[in-house]
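Here is what each chain is made of, one letter per residue.
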Amino acid sequence: MTSRAVAVDMPDDGGIKTPDRLRRASRLLSHLSARSDRLMTEGLAKADARRWHYAVLASVQEFGPGSQATLSRRTGIYRSDMVGVLNELAERGLVERAPDPDDRRRNVITITAQGRRHLRRLDKVLDDLHEELLAPLLPAERDQFVQLLTRLLDHHTQQAPQPPVS
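Residues numbered from 1 in each chain as written. Predicted model: local features only at pLDDT ≥ 70, side-chain atom pairs only at ≥ 80, totals over all residues. Heavy atoms only, no water.

Engineer: Hey, could you go over the side chain of Thr-112 for me, with residue numbers and the actual values?
Structural biologist: Along the chain, Thr-112 turns up in the loop between strand E3 (103-111) and helix H6 (113-133). Judged by relative accessible area, Thr-112 falls into the buried class, the value being 11%. Looking at Thr-112, its side chain comes within polar contact range of the main-chain oxygen of Gly-93, at 2.6 Å. In contact with Thr-112, not counting residues within four places along its chain, are Gly-93, Leu-94, Val-95 and Glu-96. (Helix = DSSP H or I, 4+ residues; strand = E, 2+ residues; numbered from the N terminus. Buried < 20%, exposed > 50% of the residue type's maximum accessible area, 1.4 Å probe, protein only. Polar contact = N/O pair within 3.5 Å; in protein donor to acceptor, adjacent residues only side chain to side chain. Contact = heavy atoms within 4.5 Å.)

Here it is in structure tokens:
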């Protein structure tokens, strides 16, 4: 990347201005997403967690026990990656695997009491990180922003093919 290309991606400070043509929604969302990902990844790491840990714990807490395949569909984690995530969570005592009584070839994943406590801590961590991310917005603007993002994502995920579950 040339220094000129880097300068275009910098915020409007230090005398460097971003051309208005580059302030399109897709580009702004992309840049905000990158900053959000970094903020969330670093914040969760400080809490000894990863985003996939949170996704699995939240899914099992909200919807109840599920198979690895079900959790994969609920969270968007590829089934081949799900095994590793579940291994990490099980080793830490945050989830338990048990044979499915209806199909012994399959495991059912449940959240443990320790997993529920960890999830509550992660909820607080993410609440604080979202406060930081959305700090420039008033509370009503934050709610509206989330509603608009949800509507956009719902629209585009209904029309776009879902990633394959391997």
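Engineer: Pulling in residues and values, what's your account of the side chain of His-118?
Structural biologist: Within the element layout of this structure, His-118 appears in helix H6. The buried category is assigned to His-118, whose relative accessible area is 6%.

Engineer: Explain the pairing of E3 residue by residue, including any values.
Structural biologist: Summarising the sheet, strand E1 (residues 66-67) and E3 pair through two bridges and their orientation is antiparallel. Looking at E3, one finds that Gly-66 is bridged to Ile-109. Of the strand pairs in this sheet, strand E2 (residues 95-100) and E3 are connected by six bridges, and their pairing is antiparallel. Across the sheet, the residue bridging to Arg-97 is Ile-109, located in E3. Linking E2 back to E3 in an antiparallel pair, the connection comprises two residues. (Pairing = 2+ DSSP bridges.)

Engineer: Any details on the nonpolar core? Residues and values, ideally.
Structural biologist: Grouped together as the largest cluster of nonpolar side chains are 21 residues, with contacts concentrated most on Val-56, Leu-57, Leu-71 and Leu-89. Elements represented by at least two residues in this core include exactly helix H2 (25-46), helix H3 (51-63), helix H5 (79-91), E3 and H6. Leu-71 has contacts with Val-56, Ser-59, Val-60, Gly-66, Met-82, Leu-86 and Ile-109, leaving out every residue within four places of it along the chain. (Core = buried A, V, L, I, M, F, W, Y, C linked by side-chain atoms within 4.5 Å.)

Engineer: Could you give an account of H5, naming the residues involved and the relevant values?
Structural biologist: End to end, H5 covers 18 Å across 13 residues, agreeing with the expected 18 Å (1.5 Å per residue, within 8%). For H5, the complete set of buried residues consists of Met-82, Val-85, Leu-86 and Leu-89. Buried residues of H5 fall within an arc of 100° about the axis and therefore sit on the same side. Turned more than 90 degrees from where H5 packs its buried face, Ser-80 and Glu-91 sit exposed. Along its buried surface, H5 packs onto H3, helix H4 (68-75), E2 and E3. Where H5 terminates, the next one or two residues include Gly-93, which has phi positive at roughly 75°. (Expected span 1.5 Å × (residues − 1). Arc of directions from axis to C-beta.)

Engineer: Which residues make up the pattern of salt bridges, and what values go with them?
Structural biologist: Evaluated as defined, the whole model comprises seven salt bridges. Note that Glu-88 and Arg-50 form a salt bridge whose closest N and O atoms lie 2.6 Å from each other. Placement of Glu-88 in helix H5 and of Arg-50 in the loop between H2 and H3 is noted, with a sequence separation of 38 residues between them. What makes Arg-50 partly exposed here is its relative accessible area of 38%. Of the charged contacts in the structure, one is a salt bridge between Lys-124 and Asp-128, with a shortest N-O distance of 2.8 Å. With Lys-124 and Asp-128 both in helix H6 and four residues apart, the pair spans about one turn of that helix. (Salt bridge = Lys/Arg side-chain N within 4 Å of Asp/Glu carboxyl O.)

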